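Close look at the chain arrangement
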Amino acid sequence: MTSSSPTPIPEQAPAPEANAGAPAPPVLAEVVRSGFVEGRHRGSLVVLAADGSVESALGDVAAPVFPRSTNKPMQAAAVLRAGLELSGERLALAAASHSGESFHLDLVRTMLAEHGLTPDHLQTPPDLPLDPEEAESYLASGRVRDRLAMNCSGKHTAMLAAAARNGWPLASYLDQDHPLQQLVAEGVRAASGEEVAHVGTDGCGAPLLSLSLTGLARAFRHFVLADPGTPERRVADAMRAHPEYVAGTRRPDTWLMQALPGTLSKMGAEAVQAVALPDGRALAFKIDDGATRTLGPILARLLRRMGVDSPVLARLEDAPLLGGGVRVGEIRAAF
């Protein structure tokens, strides 16, 4: 019998850090199990006063982040500037990360047909409904991953319809230099008041434009305070009037907009959240590790600190941890 030396772990060059030497972001949420803090989530947040000035901030709120789906109101405003006539539930769905409930999918099919399009035109990746309960029912019915079920299919339908209306290419509607995507970029710059530092590709395949958290909060503030009839205000009004189409019946954005009339709320993947209150106060935050389970507790804590008092906050902040099928802990805000 012979022995051998352990195989050494190969050395790897350290990954480049955008903010090398900068202090670690603050802890915004804790994972508490059986009275023991077993994990922490770090991130950055900003709150704007009604006049648009920074009222409070934690972490780096000037560095660019990818806002993910919190950019959707700006993308929806671009299709209006392109001349597409949308309103009500249709416009809310154009700005949605929908849950894949039957009323979402039915309206996407209707919108496609109204503009001479079919699901085959969609370039969303095939997916299951975003809501876990809907996904279970979807699979139980024998259906498989589908482009229409993907949570961004409403946005993509609106983009395709805007392109078709203007005679722009349909096959390249997601290209960064497509006329529609240029309108999106112009709108992002105008609403946020800052230049886009980085362009990537979002999970749905659309161009993804970076903003600072301060710029993101400023953009949401711009939408709720925009003059009536402008594309930005039309999008904000549609989202606030039909929040169930923006998210779904079991989603926090829907709960918040239903409980606090005039509030605009949108979450994004990788734990990004932006909210604007009707008086112009706004907030945005990002959790570095992308843990979306932290969004409700952090959002509730921020709104309480902003003086908001509503039963919906208790619903938002309730993020239980289970052990053996019973509650043994929670995710809680830590600032």
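Computed from a prediction, not measured in an experiment: that's the story for all the values here. (Residues numbered from 1 in each chain as written. Predicted model: local features only at pLDDT ≥ 70, side-chain atom pairs only at ≥ 80, totals over all residues. Heavy atoms only, no water.)

The next point concerns the overall build of the protein chain. Of regular secondary structure, the protein chain possesses 12 helices and 12 strands. The C-alpha atoms of the protein chain give 21 Å as radius of gyration, which agrees with the globular expectation for 335 residues (20 Å, within 12%). With respect to the principal axes defined by its C-alpha atoms, the protein chain has extents near 70 × 60 × 40 Å. Buried positions account for 52% of the 335 residues belonging to the protein chain. (Helix = DSSP H or I, 4+ residues; strand = E, 2+ residues; numbered from the N terminus. Rg over C-alpha atoms; globule rule 2.2 N^0.38 Å. Buried < 20%, exposed > 50% of the residue type's maximum accessible area, 1.4 Å probe, protein only.)

Quick look at helix H6 (residues 179–192) now. Here H6 is 14 residues long and its end C-alpha atoms lie 20 Å apart, about the 20 Å a rise of 1.5 Å per residue gives. All of the buried residues in H6 are Leu-180, Gln-181, Leu-183, Val-184, Ala-185, Gly-187, Val-188, Ala-191 and Ser-192. The inward-facing, buried residues of H6 abut helix H1 (72–81), helix H5 (153–166), strand E6 (207–209), strand E7 (211–212) and helix H7 (213–225). Two residues or fewer past H6, Gly-193 is found with a positive phi of approximately 75°. (Expected span 1.5 Å × (residues − 1). Contact = heavy atoms within 4.5 Å.)

Let's shift gears to the environment of Ala-171. Secondary-structure assignment places Ala-171 in the loop between H5 and H6. Among the residues examined, Ala-171 registers a relative accessible area of 68% and is labelled exposed. Separated by 48 residues in sequence, Ala-171 and Gln-123 have C-alpha atoms that sit 8.6 Å apart.

In this section: the pattern of salt bridges. Considering all chains together, one arrives at 18 salt bridges under this definition. For Glu-194, the salt bridge goes to Arg-218, with nearest N and O atoms at 3.9 Å. You can see Glu-194 sitting in the loop between H6 and strand E5 (199–201) and its partner Arg-218 sitting in helix H7, a full 24 residues away along the chain. (Salt bridge = Lys/Arg side-chain N within 4 Å of Asp/Glu carboxyl O.)

The interhelical angle for the contact between helix H3 (residues 102–114) and H5, taken along N-to-C directions, is 10°, at an axis separation of 10 Å. The orientation of H3 relative to H5 falls into the category roughly parallel. Residue-level contacts link Val-108, Met-111 and Leu-112 of H3 to Ser-153, Gly-154 and Thr-157 of H5. A breakdown of the residues in the contact of H3 with H5 according to their chemical character gives three nonpolar, three polar and no charged. (Axes fitted to C-alpha atoms, helices over the stretch in contact; angles between N-to-C directions. Parallel < 35°, antiparallel > 145°, perpendicular 65-115°, else oblique. Nonpolar A, V, L, I, M, F, W, Y, C, P; charged D, E, K, R; others polar.)

Looking now at the pairing of strand E10 (residues 282–287). With respect to burial, E10 is a largely interior element, six of its six residues being buried. Across the two faces of E10 the burial is the same, with Ala-282, Ala-284 and Lys-286 and Leu-283, Phe-285 and Ile-287 all buried. The pairing of strand E2 (residues 36–48) with E10 spans six bridges and is classified as antiparallel. Along E10, the bridge assignment pairs Leu-48 with Ala-282. What sits between the antiparallel neighbours strand E9 (residues 272–276) and E10 is a turn of five residues, in which Gly-280 has the positive phi angle 100°. (Pairing = 2+ DSSP bridges.)

Of all 11 residues in helix H11 (residues 295–305), eight are buried; the element is thus mostly enclosed. Three or more residues of H11 are buried, namely Leu-295, Gly-296, Pro-297, Ile-298, Leu-299, Ala-300, Leu-302 and Leu-303. Gly-307 occupies a position one or two residues after H11 and carries a positive phi of about 90°.

Now for the packing of aromatic side chains. Applying the stated rule across the entire model yields one aromatic pair. Taken together, a centroid distance of 5.0 Å and an interplanar angle of 80° make the contact between Phe-103 and Tyr-245 edge-to-face. Taken together, the residues span a long stretch of sequence, with Phe-103 in helix H3 and Tyr-245 in helix H9 (residues 243–246) at a distance of 142 residues. A cation sits over an aromatic face here: Arg-301 above Phe-335, 5.9 Å from the ring centre. (Phe/Tyr/Trp six-rings, centres within 6.5 Å; stacked < 30°, edge-to-face > 60°. Lys NZ or Arg CZ within 6 Å of the ring centre and 35° of its normal.)

The next point concerns the confidence of the model for the protein chain. Per-residue confidence for the protein chain gives a mean pLDDT of 95, with 94% of residues at or over 70. Segment residues 7–16: pLDDT under 50, and zero contacts once partners within four positions in sequence are set aside and those in other chains are kept. (pLDDT = per-residue confidence, 0-100.)

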